Amino acid sequence: MTILYLVKGNLYVNITNRCPCSCTFCIRNEAPGVYGSDSLWLEHEPSIDEIKSEFDRFDPESYGEIVFCGYGEPTERLDVVCEIGKYVKSKFGKTVRINTNGLCNLINQKPCEPMFEGAVDIVSVSLNAPDKDEYNRITRPKWDNSFEELLLFTKNVKPYVKKVVLTVVDVLKPDEIEQCRAIAEELGVDFRVRKLD
Ligand code: SF4
């Protein structure tokens, strides 16, 4: 099974296949892996020790950032994200990013923002839609208040990390993209339109 894999010069970390959403565009429905990786479906969720030993297989000079992403929502295992984030920052001096759906407070049933301090540098949150109805249609989340919670998390995590980015994929209509950009501006975070894989 694949725990670490290279994507465009960054080292991606795949720690879980759990996710409370079922996005209509999720790559998991299309292929077992991405960017030439072997299957990202895990035989089991890797332990902290398994993840740490995987880093020994990669020359730190061969990649830039560490990115928690993979075939699931990383904050389903937020304790692991925090421990591994701190480990790789102290051992390799790398920037640590997390690509998240922004629902970690609902997933973990507590305010999680302070946990990111010292473990994660960049939080990239998938906004996906300009309003609640469209968000629920596209991402099909487990909780009805997911859109509101995503926005709250995006705002509240700012003091604990260096950068927060709201992202959308480029399949949205131009006016929807501009509405999403306005949301990011209102929250005081960066905004990025990413290409659909
Ligand atoms: S949040 Fe990410 S992993 Fe979860 S269903 Fe959506 S695209 Fe897939």
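This structure is a prediction, so every number in the text was calculated from the model and none was measured. (Residues numbered from 1 in each chain as written. Predicted model: local features only at pLDDT ≥ 70, side-chain atom pairs only at ≥ 80, totals over all residues. Heavy atoms only, no water.)

Chemist: Please clarify how helix H2 (residues 78–92) should be interpreted in this entry.
Modeler: Because an α-helix packs 3.6 residues into every turn, residues spaced three or four apart end up facing the same way. For H2, which comprises 15 residues, the first-to-last C-alpha distance of 20 Å matches the rise-based estimate of 21 Å (1.5 Å per residue) to within 8%. Elements in contact with the buried residues of H2: helix H1 (48–55), strand E3 (66–68), strand E4 (96–100) and helix H3 (104–108). Downstream of H2 by one or two residues, Gly93 has phi in the positive range, about 65 degrees. (Helix = DSSP H or I, 4+ residues; strand = E, 2+ residues; numbered from the N terminus. Expected span 1.5 Å × (residues − 1). Contact = heavy atoms within 4.5 Å.)

Chemist: What is the right way to read the sheet that holds strand E1 (residues 4–7) from this model?
Modeler: Hydrogen bonding along the main chain pairs the strands of a sheet, whether they run parallel or antiparallel. If you trace the seven strands from one edge of the open sheet to the other, you get E1-E2-E3-E4-E5-E6-E7, paired in mixed fashion. Because the sheet does not close on itself, it has two edges, and the strands there are E1 and strand E7 (190–194). The sheet shows a mean angle of 25 degrees between the axes of neighbouring strands, direction not considered. In this structure, strand E6 (residues 163–169) lies alongside E7, joined through five bridges in parallel fashion. Paired with Val169 across the strands is Arg194, a residue of E7. (Pairing = 2+ DSSP bridges. Axes fitted to C-alpha atoms, helices over the stretch in contact; angles between N-to-C directions.)

Chemist: Would you mind going over the pattern of salt bridges with me for this structure?
Modeler: Any two side chains of opposite charge can pair if their charged atoms end up close together. The final tally for this structure, using the stated rule, is twelve salt bridges. One salt bridge connects Arg181 with Glu178, and the closest N-O pair in it is separated by 3.1 Å. Placement of the pair is Arg181 and Glu178 together in helix H6 (residues 174–187), with a separation of three residues, close to one helical turn. Taking relative accessible area as the criterion, Arg181 reaches 31% and is therefore assigned partly exposed. (Salt bridge = Lys/Arg side-chain N within 4 Å of Asp/Glu carboxyl O. Buried < 20%, exposed > 50% of the residue type's maximum accessible area, 1.4 Å probe, protein only.)

Chemist: Sorry, what's going on with unusual backbone geometry here?
Modeler: It is generally the case that most residues other than glycine have a negative phi and that most peptide bonds are trans. At Asn128, a position not held by glycine, the phi torsion is positive, near 75 degrees. Mapped onto the fold, Asn128 is located in the loop between strand E5 (122–126) and helix H4 (132–139). With relative accessibility at 5%, the residue Asn128 sits in the buried group. The phi angle at Arg140 is positive, at roughly 45 degrees, despite the residue not being glycine. Structurally, Arg140 is set in the loop between H4 and helix H5 (146–156). A relative accessible area of 43% means that Arg140 is categorised as partly exposed.

Chemist: Sorry if this is basic, but what is going on with the site of the ligand here?
Modeler: Taken together, Cys19, Cys21, Ser22, Cys23, Cys26, Arg28 and Asn101 form the complete shell of residues around the ligand. Each residue belonging to the shell around the ligand can be placed in one class, and the counts come to four nonpolar, two polar and one charged. (Near = heavy atom within 4 Å. Nonpolar A, V, L, I, M, F, W, Y, C, P; charged D, E, K, R; others polar.)

Chemist: Before we go on, may I ask you to explain the packing of aromatic side chains in this structure?
Modeler: Describing an aromatic ring pair means giving the distance of the ring centres and the angle of the ring planes. Within this structure, the stated rule accounts for six aromatic pairs. Taking 6.3 Å as the distance between ring centres and 85 degrees as the angle between the ring planes, the aromatic pair formed by Tyr87 and Phe92 counts as edge-to-face. Phe92 matches Tyr87 in its accessibility class, with the two residues each being buried. Ring centres of Phe116 and Phe153 lie 5.5 Å apart, and the angle between their planes is 55 degrees; this geometry places the pair in the tilted category. Of the two residues, Phe116 sits in the loop between H3 and E5 while Phe153 sits in helix H5, which places them 37 residues apart along the sequence. Phe153 matches Phe116 in its accessibility class, with the two residues each being buried. (Phe/Tyr/Trp six-rings, centres within 6.5 Å; stacked < 30°, edge-to-face > 60°.)

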